[in-house]
Amino acid sequence: MSTTLLDFTDKLVSVSDFSQGKAGRIFSDVADNNAEYIVLKNNQPAAIVVSPREYRETQEKATKFEQLLELIENMRLLKTAESRRTDKAASFEEFIKEEGFSMAELEKAAESVEFE
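Sequence order as written defines the numbering, with residues in each chain counted from 1. Per-residue local features of the predicted model are confined to residues with pLDDT of at least 70, and side-chain atom pairs are confined, for both listing and counting, to 80 or more; whole-chain, interface and lining totals are unaffected and use all residues. The side-chain figures draw on all heavy atoms in the structure; neither hydrogens nor water molecules are used.

## With respect to a nonpolar patch on the surface
The condition is simple: A patch consists of residues whose relative accessible area exceeds 30% and which take part in no salt bridge; residues with like charges are grouped when within 9 Å of each other, and nonpolar side chains (Val, Leu, Ile, Met, Phe, Trp, Tyr) when within 5 Å. Accessible surface is estimated by sampling points in the Shrake-Rupley manner with a 1.4 Å probe; for residues, cover comes only from the protein chains shown. The salt bridge criterion pairs a side-chain nitrogen of Lys or Arg with a carboxyl oxygen of Asp or Glu, the two atoms within 4 Å. Counting from the N terminus, the helices are the DSSP runs of H or I reaching at least four residues and the strands are the DSSP runs of E reaching at least two.
On the surface, F65, L68, L69, L71, I72 and M75 cluster together into a nonpolar patch covering about 600 Å² of accessible area. By the secondary structure assignment, L68 is in helix α3 (residues 52-86).

Shown next, in the form of structure tokens:
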């Protein structure tokens, strides 16, 4: 585990390292070895330097992951819709009757409503 931690700390570079002539070495390492660096500004991560290939691969993976999540959501919605399709739905008249009203009472109440 300490080796992994050492490898990680080797990839931390401060912004001031770029102005002290270390940028060329960092960029060469990224280009030649597909290395990654975390750039620190005020001891906080500010940016990550990766190769264009690594960036493209990450973007492609993110796009595929988003498509997968959309497919999962569509499948969930389809399953919900199919379960509702098989449910027996009551007619409006049956609903009114179950609630203890008649269509005549409902029509009479509707006549007293005014729209402006």
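## Section: the pairing of strand β2 (residues 37-41)
Under the convention used in this document: Each residue is assigned to one of three classes by its accessible area relative to the maximum for its type, calculated with a 1.4 Å probe on protein chains only: buried under 20%, partly exposed between the two thresholds, exposed over 50%. Between any two strands, pairing holds if DSSP finds at least two bridges. Whether a crossover is right-handed depends on one test, that the path from the first strand over the helix to the second runs clockwise when the strands point away from the viewer.
Of all five residues making up β2, four are buried, and the element is well covered by its neighbours. The sheet contact formed by strand β1 (residues 12-14) and β2 spans three bridges and is parallel. Bridged to S14 within β2 is L40. Handedness of the crossover joining β1 and β2 through helix α2 (residues 15-33): right-handed. Sheet analysis places β2 next to strand β3 (residues 44-49), joined by five bridges and oriented antiparallel.

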